[in-house]
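Analysis of the macromolecular model
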Amino acid sequence: MTAPQPNPHSPRVIVISGGTDGMGRALGLARAERGDHVIALGSNPAKGRQLIADADRIGAADRVDFIQVDLSGVEATRRAIRDIAARHQVVDALCLFANRQSPKRTLTPEGLERTFALYYLSRYLLSHELAPLLRRSAAGVIVNVAGVGMDKGSVHWDDLQLERKYSTITAQLQAGRANDLLGVAYAAQPKNPVRYVLYHPGFTKSGDLGPLPAAARLFIRVAATFAARTVEQSIAPVHGFIDNPPSTPLTAIDRDTSLPLTLKTLDPAGAERLAETTQALLAALPSGSAIE
Ligand SMILES: NC(=O)c1ccc[n+]([C@@H]2O[C@H](COP(=O)([O-])OP(=O)(O)OC[C@H]3O[C@@H](n4cnc5c(N)ncnc54)[C@H](OP(=O)(O)O)[C@@H]3O)[C@@H](O)[C@H]2O)c1
């Protein structure tokens, strides 16, 4: 592991969804060690306690907050957003890592397919509803860690909740493509100073394999020994996005390679369509108020 570099900037406030495990957790501890204030979101309170204990060991416990939230819930995600807004006027960086595989099609209490709700919709809500706080930063940036650059999978416009044809991979790929479009639509907003980075970390030695069948777990573990990057390698570019946000509204990076924004997975018409569809879907849910 490389030694943490001192933060050359004034301390940042960084919200990390999925900040209790894998890449999000490593990023949070590294940023807290550099002097930033980290708010980590995760569903498992034991992982939250462990994160604070590990922050304490590096002398950064007072710079790490844990918010327990099941991000597959719309209202739960909005409660976490309100909690963040009650504690902070400004957010400098929002880093989106939370995801979990669902081998069976499962509905959230709000009636949404879980992978869609967790991997895509929570990122939509955090991106848009933390925008007032991000806009107050001198260099606000959102880093959406998913699978930009992959062209497999698609948004199933006529079956977004995958009622007709569900598989773990179909759901993961749909949400991945939806996150690509989320970045495109977000960056297209007029007078928006917040930078959006779509980042694909590549195969990494992280990820909760618990929900997967035993054979799949074994295969991925063996493959990871030979082919996966370390967590530190995969999060290294994220430090750069936080410290020096790109000058353009949207950036797409697959590992170390900049991707052209002309990729068909970054289609502006599809992005606009998904934004409208998402707004309609949210409006149809019984909902709490978003922050102003
Ligand atoms: N690892 C790879 O090879 C790889 C490759 C390409 C892309 N990616 C993408 O990179 C991102 C991070 O991956 P990772 O490997 O670091 O994942 P990870 O180790 O499995 O960590 C996932 C994080 O998400 C949180 N989370 C899961 N379900 C949640 C829920 N319902 N509510 C709130 N938080 C929840 C987990 O916390 P709790 O357990 O506390 O809920 C954990 O902090 C993901 O979007 C993944 O798709 C990963």
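Report follows, based on the coordinates.

With a phi angle near 50 degrees, Lys191 is a residue other than glycine that sits in the positive phi range. Topologically, Lys191 is positioned in the loop between helix 6 (168-187) and strand 6 (195-200). Look at Arg255: it is not a glycine, yet its phi comes out positive at around 55 degrees. One can find Arg255 in the loop between strand 7 (250-254) and strand 8 (257-258). Assessed through its relative accessible area of 36%, Arg255 is described here as partly exposed.

Here the focus is the sheet that holds strand 1 (residues 13-17). Strand pairing within a sheet occurs via backbone hydrogen bonds; the two strands may be parallel or antiparallel. The eight strands are arranged 3-2-1-4-5-6-7-8 in an open sheet whose pairing can be described as mixed. In this open sheet, the two strands that pair with only one neighbour each are strand 3 (64-68) and strand 8. Examined bridge by bridge, strand 2 (residues 37-42) and strand 3 share five bridges and lie parallel to one another. Considered in strand 3, the bridge of Gly42 is made with Gln68. In the packing of helix 1 (residues 22-34) onto the sheet, the strands contacted are strand 1, strand 2, strand 3 and strand 4 (93-96), and the crossing angle to strand 1 comes to about 165 degrees. Against the sheet, helix 8 (residues 231-243) contacts strand 1, strand 4, strand 5 (141-145), strand 6 and strand 7, and its axis sits at roughly 175 degrees relative to strand 6.

Now for the nonpolar core. In terms of nonpolar packing, the biggest core is built from 54 residues, with Leu41, Ile84, Tyr120, Leu121 and Leu130 touching the most fellow members. For this core, the element with the most residues is helix 4 (residues 114-129), which contributes nine residues. Beyond its immediate sequence surroundings of up to four residues, Leu41 is in contact with Val15, Ile16, Ser17, Gly18, Gly19, Thr20, Ile67, Val69, Leu71, Ile84 and Leu126. Counting residues in hydrophobic clusters, the runner-up holds 27 residues, among them Ile16, Ala40, Ala55 and Phe241.

Below, the discussion takes up the packing of helix 6 against helix 9 (residues 268-283). When two helices pack together, their arrangement is given by the angle between the helix axes and by the axis-to-axis distance. For the pair helix 6 and helix 9, the least separation of the axes is 8 Å and the interaxial angle reads 95 degrees. It follows that helix 6 is roughly perpendicular to helix 9 by the angle criterion. Residues Ala178, Leu181, Val184 and Ala185 of helix 6 form the contact with helix 9, whose participating residues are Pro268, Gly270, Ala271, Leu274 and Ala275. Residue classes in the contact of helix 6 with helix 9 are distributed as eight nonpolar, one polar and no charged.

A word on the pattern of salt bridges. One pass over the structure, following the stated rule, counts 16 salt bridges. Residue Arg78 is joined to Glu129 by a salt bridge in which the shortest nitrogen-to-oxygen separation is 2.7 Å. Pair noted here: Arg78 is in helix 3 (residues 74-87) and Glu129 is in helix 4, with a separation of 51 residues, a long-range link. With a shortest N-O distance of 3.0 Å, Arg87 and Asp83 are connected by a salt bridge. Note that Arg87 and Asp83 are positioned in helix 3 at a spacing of four residues, about one turn of the helix. Take Asp83: its relative accessible area is 26%, and that puts it in the partly exposed class.

The N-to-C vectors of helix 1 and helix 8 enclose an angle of 55 degrees; their axes lie 10 Å apart at closest approach. Compared by their axis directions, helix 1 and helix 8 come out oblique. Crossing hand, helix 1 versus helix 8: right-handed. In this structure, helix 1 uses Gly22, Met23, Ala26, Leu27, Ala30, Arg31 and Arg34 to contact helix 8, whose residues at the interface are Val231, Ser234, Ile235, Val238, His239, Ile242 and Asp243. Tallied by class, residues from the contact of helix 1 with helix 8 come to eight nonpolar, three polar and three charged.

Analysis parameters
- Think of each chain on its own: its residues are numbered from 1, step by step along the sequence as written.
- At least 70 in pLDDT is required for a residue's local features to be given in this predicted model, at least 80 for side-chain atom pairs to be given and counted, and no such filter applies to totals for whole chains, interfaces and linings, which use all residues.
- Computation of side-chain values covers all heavy atoms of the structure but excludes hydrogens and water.
- Counting from the N terminus, the helices are DSSP H or I runs at least four residues long and the strands are E runs at least two residues long.
- Type-normalised accessible area, obtained with a 1.4 Å probe on protein chains alone, sets the label of each residue: buried when under 20%, exposed when over 50%, and partly exposed for intermediate values.
- Two strands pair if DSSP finds at least two bridges between them.
- Note on definitions: a residue-residue contact is assigned when non-hydrogen atoms from the two residues lie within 4.5 Å.
- Only the stretch in contact is used when a helix axis is fitted, and all axes are lines through C-alpha atoms; the angle between N-to-C directions ranges over 0 to 180 degrees.
- By nonpolar core is meant a set of buried Ala, Val, Leu, Ile, Met, Phe, Trp, Tyr and Cys residues that side-chain atoms within 4.5 Å join together.
- We call two directions roughly parallel when the angle between them is under 35 degrees, roughly antiparallel when it is over 145, roughly perpendicular when it lies between 65 and 115, and oblique otherwise.
- Under this grouping Gly is polar, as are all residues other than the nonpolar Ala, Val, Leu, Ile, Met, Phe, Trp, Tyr, Cys and Pro and the charged Asp, Glu, Lys and Arg.
- Only one rule defines a salt bridge in this text: a Lys or Arg side-chain nitrogen within 4 Å of an Asp or Glu carboxyl oxygen.
- Helix crossings are classified by the rotation of the near helix relative to the far one: an anticlockwise turn of less than a right angle makes the crossing left-handed, while a clockwise turn makes it right-handed.

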